[in-house]
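Okay, here's what each chain looks like letter by letter:
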Amino acid sequence: MPQQKRFSIKRKLSIAILIPIAVAILICWLAGVFILNTRTVRQAQEKVRNDLNAAREVYLHEVGHIRDVVRFTASAPYTAAVLHGNREVLAGILAPLRQTEQLDLFMALDAQAESFTAPTTRPPPVTTSPVTRSSPVPQGGNHCRYLDRVRRGHGHGRKAAGRRGCHTHPPHPPCTAHHRGHGTGRNDAHCRSTGQGRRRRIIGALCGGVLLNKNNSLVDKIKSIVYEGVKADGKDVGSATIFLGDLRIATNVMTSGGARAIGTRLSEEVYNRVILHKEKWIDRAFVVNDWYFTAYEPILSVDGVPIGSLYVGMLEKPYTAIKFRLGLLFSGVLLVGAVIGIAVAGWLAARLAKPVKELENAARRVAAGERDVQCLISSRDELGDLAEEFNQMNRALMQREDDIRELNRGLEDKVRERTTELEEKNRLLEKTREQLVRKEKLAAIGELAAGVAHEINNPMAIIRGNTELLQMSIPQNADNRDEVDTIYQQVGRIERIVGNLLRFARQEKKQLGQVDINGLLEEILAQIGHQAPLAGIRIMKEYEAGLPVMEGDSGQIRQVLTNLVLNAIQAMAAGGMLTVRTRMETTKEMAEITVADTGSGIEAENLQQIFNPFFTTKANGTGLGLSVSYGIINDHGGTIEVESETGKGSTFKVSLPVKSRF
Ligand code: ADP
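Residues numbered from 1 in each chain as written. Predicted model: local features only at pLDDT ≥ 70, side-chain atom pairs only at ≥ 80, totals over all residues. Heavy atoms only, no water.

Scanning the chain from N- to C-terminus turns up 14 helices and 19 strands. Relative to its full complement of 662 residues, the chain shows a buried share of 39%. In the chain, 68% of the contacts between residues at least 6 apart in sequence involve partners at least 24 apart. With the model as given, the accessible surface of the chain reaches about 37100 Å², and the carbon-plus-sulfur share is 56%. (Helix = DSSP H or I, 4+ residues; strand = E, 2+ residues; numbered from the N terminus. Buried < 20%, exposed > 50% of the residue type's maximum accessible area, 1.4 Å probe, protein only. Contact = heavy atoms within 4.5 Å. Areas by Shrake-Rupley, 256 points an atom, 1.4 Å probe, with all protein chains shown as cover.)

Structure (structure tokens):
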């Protein structure tokens, strides 16, 4: 199974915190860029709309100027007089005015619509040129309308509206009038009669105008007033244009060659909106060779018919640059925010992951066997609860371990106890086995000895009898008397040995009776001096006062204790201390008799053999004393044990049941 990649809780928390931050930043960035973009565009469009209003004001100011000149001239009394009389004089008056007021057209019309005018400074429009093709239309339209009104006011209802080149119509009766208008026909125009004599009547009309075809000074004026010559990358930011129909007739939009882009056309979309539907059009547009924020509004004739449009445009590039810079600034701010967010997320994740890490460490320490581990998390939340639960679990675990340890200790004690008991039992078993072996061995030897003793006894009785006869027949002082006495003594010795053999073979049945151990020992110690020398030997008696009288064969017990005391005295040839002690083993209901000496002690290798029959280290010993004693004690249901150290002495301990068990 492939191992899954491990992610730390800190990393997961960091990601969990960072994802919303990243999403928020992304949304902020998108929203910011969108708002920036739309705001900038809206601002630019608002600005260009205002620019268009300003441009219109400049334009209207020009128109107002023409109107004022015409009105002033028409209202002068000499104008009517001259119009009625000397036309050359009138032309002489109009010509300098036209020049000083920078009009392209300044003419007077009489009632017959005959015009006489000052010559224009600029050549009339060339019909082959697209600019001039349609240029006469508004002029004609306006003039004819005025003339029509002149005529109607004068009583001549001759229609002239809609005709081109009004200035060529026949003259009408003279009148005093001023004409507010200009060459484009954008403005409404009206005739105003001036009084002549007592009664005011219209005798003619004055017409002033400025040609818009290639009227760059007007568009440049608009540009300089609205945009104040602001440049970007060496290029004018703003531009203004006057369209006639869809044709650019005056502009400061430059072609790539550096010339004014006169003669270029309006897009169909703008034309439809502005010219056909008489609406403003404000949007970005590609003008000649660059993108602009543009605004168009229709230029209406006196009749309210759209005959062209006024345009202002602002280069898009500076706004794009501003947008880019603002976008960069905004992105930078967001980037700084993101960096701070990442730092805060890291810090928060580390702070949140810290208790988890502490818990993990604590759990690892517990798993490694460490106890009494406390997780110190003070936060009041699920992690704090978890830490408390962990601590409780740890305490419970420790308690459980203590219980188990205690149980183990109990079990170990029990095992040790049982082992000790088992060892004791084994020891007893081994002892019993040894006793059994010894018993069997002794039984076999006893049987043999009994057989031998029985066979020896009869001849020995004959020898004894005959020896006694010999002694009686031989006088005391006879030569052979000593030999006969020696034979008699040796016969006695043989009989003792045979007797011992017979006792060893348990041929003698024990005679049960009351045995006073302390009293018996006292008798033995009193008589012992007759059997062994006690020179240099001190005797210590430690009798237990309340030692009960026990059941047993008094003679046999006497034989055992006498043998033990004799052996002890014999082991202390150079003197020493003989200790005789009795005590009651109450729990086992046994009487314990100890006979200890400070004599030669028993060699370790001999210790196992001293109870074997015929084992002796003495020159005239029989090696039957301890083996017979062992048999007697065993026969009474007791035990006999020895502890000895060479050179320090030996201690024989006899345990006998107070109540006979056999
Ligand atoms: P015997 O006295 O005839 O040798 P026992 O059976 O009484 O026969 O003793 C056997 C042997 O045990 C002795 O020869 C002696 O070596 C040893 N023995 C018994 N009692 C003592 C003792 N108190 N101190 C040293 N050795 C002893």
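This brings us to the pattern of salt bridges. This model, assessed by the stated rule, comprises 34 salt bridges. Across the pair Arg427 and Glu424 runs a salt bridge whose closest N-O atoms are separated by 2.8 Å. Placement of the pair is Arg427 and Glu424 together in helix 9 (residues 382-473), with a separation of three residues, close to one helical turn. Taking the shortest distance from any N to any O, the salt bridge between Arg558 and Glu523 comes out at 2.3 Å. You can see Arg558 sitting in helix 12 (residues 554-571) and its partner Glu523 sitting in helix 11 (residues 517-531), a full 35 residues away along the chain. We classify Arg558 as partly exposed; its relative accessible area is 25%. Classification of Glu523 by relative accessible area gives partly exposed; the value is 38%. The network of salt bridges with shared partners includes Arg56, Lys280 and Glu297. (Salt bridge = Lys/Arg side-chain N within 4 Å of Asp/Glu carboxyl O.)

Take the site of the ligand next. The environment of the ligand is formed by 18 residues, the closest being Thr616, Thr617, Lys618, Thr622 and Leu626. Here a nitrogen atom of the ligand and a side-chain polar atom of Asp597 are 3.2 Å apart. For the ligand, an oxygen atom lies 3.2 Å from a polar atom in the backbone of Gly625. For the ligand, the accessible surface in isolation is 530 Å², of which the surrounding protein chains cover 92%. Using a 2 Å cut-off from the grid points, one finds that the ligand occupies the largest pocket. When contributions to the shell around the ligand are tallied by element, the ones reaching two or more residues are helix 12 and helix 14 (625-635). Counting residues per element, the shell around the ligand draws most heavily on helix 12, which supplies four residues. (Near = heavy atom within 4 Å. Polar contact = N/O pair within 3.5 Å; in protein donor to acceptor, adjacent residues only side chain to side chain. 1 Å grid on protein atoms, 1.4 Å probe; cavity = no way out; pocket = protein on both sides within 12 Å on 5 of 7 lines; lining within 4 Å. Sits in = over half its atoms within 2 Å of the grid points.)

Ile517, Leu561, Leu564, Val565, Leu578, Phe611 and Phe652 are the most contacted members of the largest nonpolar core, which has 46 residues in total. When residues of this core are assigned to their parent elements, the largest contribution, eight residues, is made by helix 12. For Ile517, the residues in contact, after removing those within four places along its chain, are Leu547, Met550, Ile557, Thr582 and Ile593. Counting residues in each nonpolar core, the second largest holds 29 residues, with Val48, Ala232, Val237 and Ala250 among its members. (Core = buried A, V, L, I, M, F, W, Y, C linked by side-chain atoms within 4.5 Å.)

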